[in-house]
Amino acid sequence: MRRRIDRLALALALPLLAVTVPAAAQAVQRVKNTVHNLSAGGPGSVRAVSETEVCVFCHTPHGSSGVAPLWNRSLSAGPYRIYESSSLRARVGQPTGSSKLCLSCHDGTIALGDVLSRAAPISIAGADRMPPGPSNLGTDLSDDHPISFPYSSSFGTGASELVDPAAILPPVKLDANAELQCTSCHEPHDNTYGDFLLRSNEEGRLCTSCHRPTSWPSSAHAVSGRVLPADVAERLGVQPAPLSQVACNGCHGTHGAAGQAWLLDAANISATCLVCHDGTAATTDLRRDVRKISGHGIVLEGASPIASGPFIEGSRVSCADCHDSHAAGSREGRSGTAPASLARVPGVKLNGAPTPDVEYQHELCLRCHGDSPVQLRATVSRVIVQPNTRLQFQPTNPSFHPVGTPGVNRLVPSLKPPLTTASVIECGDCHDSNDSRRIGGSGPAGPHGSIHEPLLARRYDTVDFAVESPETYALCYSCHWRESILRDESFRHHREHIVDERTPCSVCHDAHGISSAQGSVARNSHLINFDRAVVFPRADGRLEFNDLGTFRGECSLVCHGEDHDRSSY
């Protein structure tokens, strides 16, 4: 009976050997020409002094650790510092499975020649342990792609834009416990694609096996044919190639990332963007713009600030608060007026409702400059104070610049064509780089930075006794004919105030608008909201403007020492 059982076992084992022996031979043949061949005949600079066996550094048929596949090394004790990110939905613990096997060499704590099947460690020339460099991950894995976590269908779809585990296609794979491990991306026996990757990552093909940002395929970063200059490629650790080919590696590093959260190539989001957008790889120099006197306070050092909900929790921001790098350049066929660079960015509509994908530029601006608890310092001290910009542009207001909807004033003789009283403008028509291409400059468009406060495309003096000129009020004169203003076509005393008395436009006019909850048509038409640093109440307490009809009104106030008692025009 015993002999029959042995024969049966042999009969069952022979077909298995027929499969595994050739497979093992193929693995040996593939690994021989890679740096994982640590034998004396290996191609790397770190190799055994005399040991000729190739597989012994990882595997042994006898006396293994008991861990499959016949592991010939002790496992590192750890503990490891693990990856953390605000966007991480998985619960990542200490390394498990095949990742622990990889780390028995790649964390640098165990000698490369310290194998279980030898009475003494194998002597290694060049380095006893994994030498310093990108292959030595150390025990701090916080700057490496997370491993050893169950890849669950609960976070495989939706906002995370991850592929459902059932839809992950070979050669990328999860382990027997449905956990993502080092071997999900790496094949230790085959270095065909470099870095022992399972497949080429050109055009992000390996990354997009799991990560599928919705608009990525048509985004500017995915389709750009611009070749990265050699110095930029060196900074990123890639070969000079078109950005479309570099793809994910242009911003992210899976191991040893400088910006640990989100695995960024630089310290934080904005610094990563400026690796290219400093005029070297991109066409314009944003680094110069964000350093100008007036800007958004972009963080270039330290950790990136993080947005919470629809509003920003801090007054310093990152590029990602306004741009989705996986979607920028793609509007997916929509006809909205927001620039393509703002594709798939959340914002707030004029009525206060959050929106996941802004349709108009002002919806992005109102995300911070609307109902946010963080309010900016006012540049002009007004009679009516309203830090919520969203409320200043409401269509029910007594007056407002026509952002999002046409204004209420139907008689504006100074407007320059093609503008009419039915026109709608955007925040970027006033708030832009001072050398933006949109206004005839050679710099980047958008409110990244300006020499004119508060982040204005053109000069707009608000200091009293400014000398009137085309330059002094260049912002106003970009839409309003200077000649019409100085001919008093809309207000009989414009020239007297602006030229003779040297009173800035801002002393009388609030450029955004006046909330209907605070002002009225009778008192605040034509954007009238006085600057209290220049205009003062009369002795009887009156500081007011009264609208008396078309091109008619009266003021009661003190300005430049002159008492106006219902001074009319």
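Refer to the structure above for everything that follows.
None of these values were measured; they are calculated from a predicted model.

Rules of the game
- Residues numbered from 1 in each chain as written.
- Predicted model: local features only at pLDDT ≥ 70, side-chain atom pairs only at ≥ 80, totals over all residues.
- Heavy atoms only, no water.
- Phe/Tyr/Trp six-rings, centres within 6.5 Å; stacked < 30°, edge-to-face > 60°.
- Buried < 20%, exposed > 50% of the residue type's maximum accessible area, 1.4 Å probe, protein only.
- Helix = DSSP H or I, 4+ residues; strand = E, 2+ residues; numbered from the N terminus.
- Lys NZ or Arg CZ within 6 Å of the ring centre and 35° of its normal.
- Polar contact = N/O pair within 3.5 Å; in protein donor to acceptor, adjacent residues only side chain to side chain.
- Contact = heavy atoms within 4.5 Å.
- Pairing = 2+ DSSP bridges.

A. The packing of aromatic side chains, seen in detail. For the structure shown, the criterion picks out two aromatic pairs. Note on Y473 and Y477: the rings are 6.4 Å apart at their centroids and 85° apart in plane angle, and the pair reads as edge-to-face. Look at Y477 and you get buried, because its relative accessible area is 8%. When the centroid spacing of 4.5 Å and the interplanar angle of 75° are considered together, the rings of F491 and Y569 count as edge-to-face. Of this pair, F491 sits in the loop between α11 (482-486) and α12 (494-500) while Y569 sits in the segment after β14 (562-568), and the two are 78 residues apart along the sequence. K416 extends its terminal NZ or CZ atom over the ring of W481, reaching a point 5.0 Å from the ring centre.

B. A look at the side chain of K292. Mapped onto the elements of the fold, K292 is located in the loop between α7 (286-290) and β5 (294-295). Exposure remark for K292: the relative accessible area of 16% places this residue in the buried category. One polar contact links K292 to D435, side chain to side chain, over a distance of 3.2 Å. When near neighbours in sequence (up to four residues on either side) are disregarded, K292 contacts S433, N434, D435, G449, S450 and I451.

C. How the structure looks around the side chain of D510. Tracing the backbone shows D510 in the loop between α12 and β10 (513-514). By relative accessible area, D510 is classed as buried at 8%. The contact partners of D510, leaving out residues within four places of it in the chain, are R382, Q392, L527 and N529.

D. Just the pairing of strand β12 (residues 544-549), in detail. Looking at chain direction, β12 and strand β13 (residues 552-559) are connected through five bridges and run antiparallel. The partner of N546 across the bridge, within β13, is E554. Count of turn residues in the β12/β13 antiparallel hairpin: two residues, of which F551 carries a positive phi of about 55°.

E. Main features of helix α2 (residues 97-106). For α2, the set of buried residues is S98, S99, L101, L103, S104 and C105. Positive backbone phi, approximately 75°, marks G108, located one or two places after α2.

F. Fine view of the environment of S469. Inspection of the secondary structure assignment puts S469 in the loop between β9 (449-450) and α10 (474-477). The exposure class assigned to S469 is buried, which follows from its relative accessible area of 16%. For the pair S469 and H221, spaced 248 residues apart in sequence, the C-alpha to C-alpha distance is 43 Å. When residues no more than four places from it in sequence are discounted, the contact partners of S469 are Y477 and R482.

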